[in-house]
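So the chains spell out like this:
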Amino acid sequence: MDSMYLCNMFKYLEELNGPQREAVLHTDGPLMIIAGAGSGKTKVLTTRITHLMASHKVDAFNILALTFTNKAAAEMKERVEKTMGNTEARNLYIGTFHSVFARILRAEATKLGYPSNFTIYDTDDAKSVVKAVINELGLDDKNYKPNTIYNRISSAKNNLVRAEEYAADQQLIQEDARINKPMFHKIYLNYSNRCFKNGAMDFDDLLLNMHTLLTRFPEALSKYQRKFKYILIDEYQDTNPAQYEIVKLLGAMHENVCVVGDDAQSIYSFRGATIQNILQFNKDYDEVKVIKLEQNYRSTKNILHVANQVISNNKGQIEKKLFTDNVEGDKINLIRTQTDNDEGRMVADTIQDLKLRKHFFNRDFAILYRTNAQSRSFEEALRRMGIAYKIYGGMSFYQRKEVKDMLAYLRVVVNPNDEEALKRIINYPGRGIGKTTMERAILAANTNNVSMWDVLTRASMYGFRASTLEALQDFVTMIQMFQSELSKKNAYDIAFMVGKDTGLVKELFNDKSVEGLQRYENVQELLNSIKEFTETPMNTEDGEVGEKDLGAYLQQIALLTDPAEQEQDGDVVKLMTIHASKGLEFPVVFVGGLEETIFPNAMAINTREDLEEERRLFYVAVTRAKKLLYLSFANARYRFGQLQQNESSRFLEEIPQEYIDYKLAGSSSRAQSSNMGSAYERMHRGFAKPSEPKREGSNVYSSLSARPKTVEHVPSENFVASDLKALRAGQKVEHLKFGFGEVTKMEGAAHNPIATIQFKLNGEKKIMLNYAKLRILDDE
DNA sequence: TGTCTGGATGTTTTT
DNA sequence: CATCCAGACA
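Values in this document were obtained by computation on a predicted structure and should not be read as measured data.

Calculation criteria
Residues numbered from 1 in each chain as written. Chains lettered and ligands numbered in written order. Predicted model: local features only at pLDDT ≥ 70, side-chain atom pairs only at ≥ 80, totals over all residues. Heavy atoms only, no water. 1 Å grid on protein atoms, 1.4 Å probe; cavity = no way out; pocket = protein on both sides within 12 Å on 5 of 7 lines; lining within 4 Å. Points joined across faces, edges and corners; volume = space filled by probe spheres on them. Helix = DSSP H or I, 4+ residues; strand = E, 2+ residues; numbered from the N terminus. Nonpolar A, V, L, I, M, F, W, Y, C, P; charged D, E, K, R; others polar. Buried < 20%, exposed > 50% of the residue type's maximum accessible area, 1.4 Å probe, protein only. Polar contact = N/O pair within 3.5 Å; in protein donor to acceptor, adjacent residues only side chain to side chain. Salt bridge = Lys/Arg side-chain N within 4 Å of Asp/Glu carboxyl O. Pairing = 2+ DSSP bridges. Axes fitted to C-alpha atoms, helices over the stretch in contact; angles between N-to-C directions. Contact = heavy atoms within 4.5 Å.

Draft legend 1. Empty space enclosed by the protein, seen in detail. Summed over all chains, the structure comprises two cavities of 30 Å³ or more. Its boundaries defined by the atoms lining it, the second largest cavity holds a volume of some 30 Å³. In terms of lining, the second largest cavity is formed by Tyr236, Tyr244, Val247, Lys248, Val257, Phe281, Asp284 and Tyr285. Elements with a minimum of two residues in the lining of the second largest cavity: α13 (241–251) and α14 (276–284). Partitioning the lining of the second largest cavity into residue classes produces six nonpolar, no polar and two charged.

Structure, rendered in structure tokens:
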């Protein structure tokens, strides 16, 4: 069949350009698609899936499509369903790596010694286990910071280095000894054992255990190799070595592996992703077809030029030239404000203005930022102006205390060995089982090498005093009663019963405060989502999925951040991190906080690799915009409760001036940064400009730990803020909060002067005179 | 055992 | 500025 004939036969092919169509029609054999931003890669993927089913009669059950985010998976599924026009698409294996593997592992867990109802630990649970292990080993958690340790464990797992292997590797042990963490391997081992004993897998285990399954059980390998005749992988540049190996194993039989990626959008190296995977793909299979999608259909010429220009500062990219036939469009707008609050207000004003003058709707706008914490000022401004918005990410629904509490009960019912969940609810609502009892139970569990639940069920053997024993037995009886209902009732009925019988719902109901009401509503919403789960039919195959029991529910939501986003979001402005925005597009995009230490982030400017990833992140942000792009930054913002000032982001300087409209920024916006030198030069100077005391001490932590305590000051009765225009070094002043001091230095631009003041009681502070209230003391 | 509180401590990004 | 936790007290 030649492509002309196919065109007539399959209408969907007509909508594709040359390379896109080629990618769809190359059905068999390894295929790598290098897809620039906005080049229609989702369209290619979904059309490819449709084509496989419609033209090649491939069964949906034999197609595996892996994505990185739930959002991307949902979108792909929806689009295939739409083009197919039937329900076949439901049988596709489309999902994130983690969710697809969780689904498979649920069917295969017993092979690996896990219960099929294994719990999935989120990052909080995992860190809590790490912490417990560190304490039990009697190690100092100042040196062994749970966060750092967890990250290192995670990174080991992402590189397929298992705990036993780690502990046996002398080089790694020596490396740890050098950085004064000689016991790391022991923590890793204990952590892994503890999770296993609890019948729990953390996020990384879902990959690691999938790999174990495929390598240790040949029949499992061959089963899934045969099953997945066609494999498609989105965002291939973001795969880590574990994912890479698994894909290689799964695809080895049919070699119908199609990967789509863009090295310029690789932004997940902190999660172990390595760009090597995309560069290596050619070598893994004999005849790899490589197709480049270089035409951008999303953005205006101006936006695309800016993106191309900035990303060209990165070294070592895959050669490609992204172009567009779209209109030239408006210039990029630069917004500059005094503070983060002003930034929020200015963005909200601009949105309002565009709605009125250019007839945009709320849903046309996205506000993107580097860190979740930045959402606050935008949120406040939008709320004040009565503009509907929705924040994606941040504190997720399932992370809220009341939701976690409720889920912890359900987790214990399904898997009583889940110690993290057990600890959470054993005394909530209060039933007289205190810290001491809990510690003793855990100790007993550890010394006897049984689970905490085992100890509780045989509490009388462990010498608790009578009243405690009674409380424990009541608790155990209650949980067992729930468990006995598992086989008789559906997930919702059990959840409802748990909420009622434990007194948890009642406790929340009785709290009439605003937050209490919200908490109550959240639990109700959780119950609703369980109800919806039980009532939605699901495809069944091999008895592998399709269960609607509580265990299935828990495993499914463990990988979700929000309950099913059914309402199609409505007409709202969307707020999210740049990471979360990947793969999405919006008519008007605002990117906030373009300041040094925020974007690029202070954590990511010490190596070229880190900085280049920040730049790719900026590239991702810019290329989300279709029509209008606004970049904003504030001279100062509140961080850790103090007003901190920042220079504008170096990325702004990498944009050619002719693409920028400065009318909202003021003409001086580049003046203060013009003497900074190029990014390249600054990189070779190590970024630390001697004239910038805020970067003293070379890292964030040293300046944090050096933060002085504020000694409260009671202002003088006659305190009147002076006019500070004439303030000069040497003068003595009184500050409302910091007390008396002497000005040692004046700096900053004329419209934004900054005084360094040595306070008698509070040490040296930098004070922005535009905001501070100071009384100049008369010369004595 | 439960509750209160002051002091320390922390902000990257996500499954 | 929030949140968390250890230690004080009821």
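Draft legend 2. Up close: unusual backbone geometry. Residue Pro429 follows Tyr428 across a cis peptide bond; omega there is -5°. Within the secondary structure layout, Pro429 lies in the loop between α19 (419–425) and α20 (435–448). Following Phe599, the chain continues to Pro600 via a peptide bond in cis, the omega torsion being 10°. Tracing the chain through its elements places Pro600 in the loop between β15 (586–591) and α28 (608–622).

Draft legend 3. Structural detail: the side chain of Glu420. As for its position among the elements, Glu420 is in helix α19. Residue classification places Glu420 among the buried positions, given a relative accessible area of 9%. At a separation of 3.4 Å, a polar atom in the side chain of Glu420 contacts the side chain of Lys423.

Draft legend 4. View of α13. The element α13 is extensively covered by neighbouring structure, given that nine of its eleven residues are classed as buried. Buried residues of α13: Pro241, Ala242, Gln243, Tyr244, Ile246, Val247, Leu249, Leu250 and Gly251, and no others. N-capping of α13 is provided by Asn240, with a side-chain oxygen placed 3.1 Å from the backbone N of Ala242.

Draft legend 5. A look at the pattern of salt bridges. Counting across every chain of the model gives 42 salt bridges. When the shortest N-O distance is used, the salt bridge between Arg376 and Glu380 registers 3.3 Å. Remark: Glu380 and Arg376 occur in helix α17 (residues 375–384); sequence separation between them is four residues, near one turn of the helix. Given the relative accessible area of 35%, Arg376 is considered partly exposed. For Glu595, the salt bridge identified is with Arg637, shortest N-O distance 2.6 Å. A residue pair is termed long-range when its members are at least 10 positions apart, and Glu595 in the loop between β15 and α28 and Arg637 in strand β16 (residues 625–639) qualify at 42 residues. Since its relative accessible area comes to 0%, Glu595 is described here as buried. Several salt bridges converge on common partners, so that one network encompasses Lys41, Asp234, Glu235, Asp238 and Lys582.

Draft legend 6. Spotlight on the sheet that holds strand β7 (residues 257–261). The strand order β3-β2-β6-β7-β1-β8 describes an open sheet built from six strands, whose pairing is parallel. What marks the edges here is a single partner per strand, and that holds for β3 (93–96) and β8 (289–293). Pairwise comparison of adjacent strand axes, ignoring direction, gives a mean angle of 15° for this sheet. The sheet contact formed by strand β1 (residues 31–35) and β8 spans five bridges and is parallel. Looking across to β8, one finds that Met32 is bridged to Val290. Strands β2 (63–67) and β3 of the sheet are contacted by helix α4 (residues 70–84), whose axis makes an angle of about 155° with β3. Strand contacts of α13: β2, β6 (230–233) and β7, with the helix running at about 160° to β6, the strand carrying the most contacts.

Taken by themselves, the reported measurements are silent on function.
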